[in-house]
Amino acid sequence: MKQFKDPEFMGQFIDRYRDMRNLWEVKNPLYQNKPARKASLEKLLQFVKTQVPKADFEFVDKKIGSLRSTYRKELNKVQASMRSGAAAKDVYVPSLWYYNRMRFLEDQIEARESLSTLPSTLPSTPSEASEDQPSPSILEEVEEPSWSQEDLSQDEALECGSQEEA
């Protein structure tokens, strides 16, 4: 697999990958088209086989994922250093040799918007909460329901009895 890591070969691989927009550009009309994607991957595979004869689709897919992941990590470091309010001279400089070659992915790699699982009717501030309704004191006891044997069905009563014996 060392043949793949040759900078000249990897550079050519990245350039070919960049030219096949349907493999990485989400808004490309052929991005969702599986036969078109497979044809593009087949072209990449044929190129890779010139250096790695035993390569297959999985190998090419993993290499693409690895390149994208490494680029994303470097991009995150750059963006984090810019957000921290650092001076221009203190902004992180990527050490990845193919970082600039992969810049075409920059606008494709975005964090997804998170969705809140909280109901939208919650008050935005604690003071609004106390105005709307009195909240129970932390010291107040919560009354738990008590169940009598008559409340339970016979099956439940048997289950409870066998659990207590155990």
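Given the structure is predicted, the values throughout are model-derived calculations rather than measurements.

Some remarks on the environment of Thr50
Thinking step 1. Along the chain, the position of Thr50 falls in the loop between helix H2 (34–49) and helix H3 (57–83).
Thinking step 2. Put simply, Thr50 and Phe4 are 46 residues apart on the chain and 9.8 Å apart in space, counted from C-alpha to C-alpha.
Thinking step 3. Polar side-chain contacts of Thr50 include one of 2.5 Å to the backbone oxygen of Phe47.

Quick word on the pattern of salt bridges
Thinking step 1. Following the criterion strictly, the structure yields six salt bridges and no others.
Thinking step 2. A salt bridge links Glu25 to Arg21, with the shortest nitrogen-to-oxygen separation between them at 3.0 Å.
Thinking step 3. For Glu25, a relative accessible area of 17% translates into the label buried.
Thinking step 4. Between Glu58 and Lys62 there is a salt bridge, with the nearest N and O atoms lying 3.2 Å from each other. Taken as a pair, Glu58 and Lys62 lie in helix H3 at a separation of four residues, close to a single helical turn.
Thinking step 5. On the basis of relative accessibility, which here comes to 48%, the residue Glu58 falls in the partly exposed class.
Thinking step 6. Connected through shared salt-bridge partners, Asp15, Arg18 and Arg101 make up one network.

What to know about the nonpolar core
Thinking step 1. Of all hydrophobic cores here, the largest spans 29 residues; its most connected members are Phe4, Phe13, Leu44, Val48, Val60 and Met102.
Thinking step 2. The element best represented in this core is H3, accounting for seven residues.
Thinking step 3. The contacts of Phe13, once residues within four sequence positions are left out, are Phe4, Leu44, Phe47, Val48, Val60, Ile64 and Leu67.

Some remarks on the packing of H2 against H3
Thinking step 1. Where H2 meets H3, the closest approach of the two axes is 9 Å, and the angle between their N-to-C directions is 95 degrees. Comparing the axis directions of H2 and H3 gives the class roughly perpendicular. Within the contact between the two elements, H2 uses Lys38, Leu41, Glu42, Leu44, Leu45 and Val48 and H3 uses Phe57, Phe59, Val60 and Ile64.
Thinking step 2. Here the contact of H2 with H3 is built from residues that sort into eight nonpolar, no polar and two charged.

Brief notes about the environment of Glu74
Thinking step 1. With respect to the secondary-structure elements, Glu74 resides in helix H3.
Thinking step 2. Using a relative accessible area of 7% as the deciding quantity, one classes Glu74 as buried.
Thinking step 3. The spacing of Glu74 and Tyr92 is 18 residues in sequence and 8.9 Å in space, taken between C-alpha atoms.

A short note on the packing of helix H1 (residues 7–19) against H3
Thinking step 1. Look at H1 against H3: their axes get within 12 Å of each other, and the N-to-C directions meet at 95 degrees. It follows that H1 is roughly perpendicular to H3 by the angle criterion. Contacts between H1 and H3 involve Met10, Phe13, Ile14 and Tyr17 on the former and, on the latter, Val60, Ile64, Leu67 and Arg68.
Thinking step 2. Looking at the contact of H1 with H3, its residues break down into seven nonpolar, no polar and one charged.

Quick notes on the packing of aromatic side chains
Thinking step 1. Under the definition given, this model contains five aromatic pairs.
Thinking step 2. Arranged with centres 5.2 Å apart and planes meeting at 85 degrees, the rings of Trp97 and Tyr98 form a pair that is edge-to-face.
Thinking step 3. Tyr98 sits in the buried class, given a relative accessible area of 6%.
Thinking step 4. Among the aromatic side chains, those forming a connected cluster through ring pairs are Tyr17, Trp24 and Phe104.
Thinking step 5. We note Arg37 situated over the ring of Tyr31; from NZ or CZ to the ring centre the distance is 4.8 Å.

Rules and cut-offs
- Residues numbered from 1 in each chain as written.
- Predicted model: local features only at pLDDT ≥ 70, side-chain atom pairs only at ≥ 80, totals over all residues.
- Heavy atoms only, no water.
- Helix = DSSP H or I, 4+ residues; strand = E, 2+ residues; numbered from the N terminus.
- Polar contact = N/O pair within 3.5 Å; in protein donor to acceptor, adjacent residues only side chain to side chain.
- Salt bridge = Lys/Arg side-chain N within 4 Å of Asp/Glu carboxyl O.
- Buried < 20%, exposed > 50% of the residue type's maximum accessible area, 1.4 Å probe, protein only.
- Core = buried A, V, L, I, M, F, W, Y, C linked by side-chain atoms within 4.5 Å.
- Contact = heavy atoms within 4.5 Å.
- Axes fitted to C-alpha atoms, helices over the stretch in contact; angles between N-to-C directions.
- Parallel < 35°, antiparallel > 145°, perpendicular 65-115°, else oblique.
- Nonpolar A, V, L, I, M, F, W, Y, C, P; charged D, E, K, R; others polar.
- Phe/Tyr/Trp six-rings, centres within 6.5 Å; stacked < 30°, edge-to-face > 60°.
- Lys NZ or Arg CZ within 6 Å of the ring centre and 35° of its normal.

Purely geometric stuff here, so don't read any function into it on its own.
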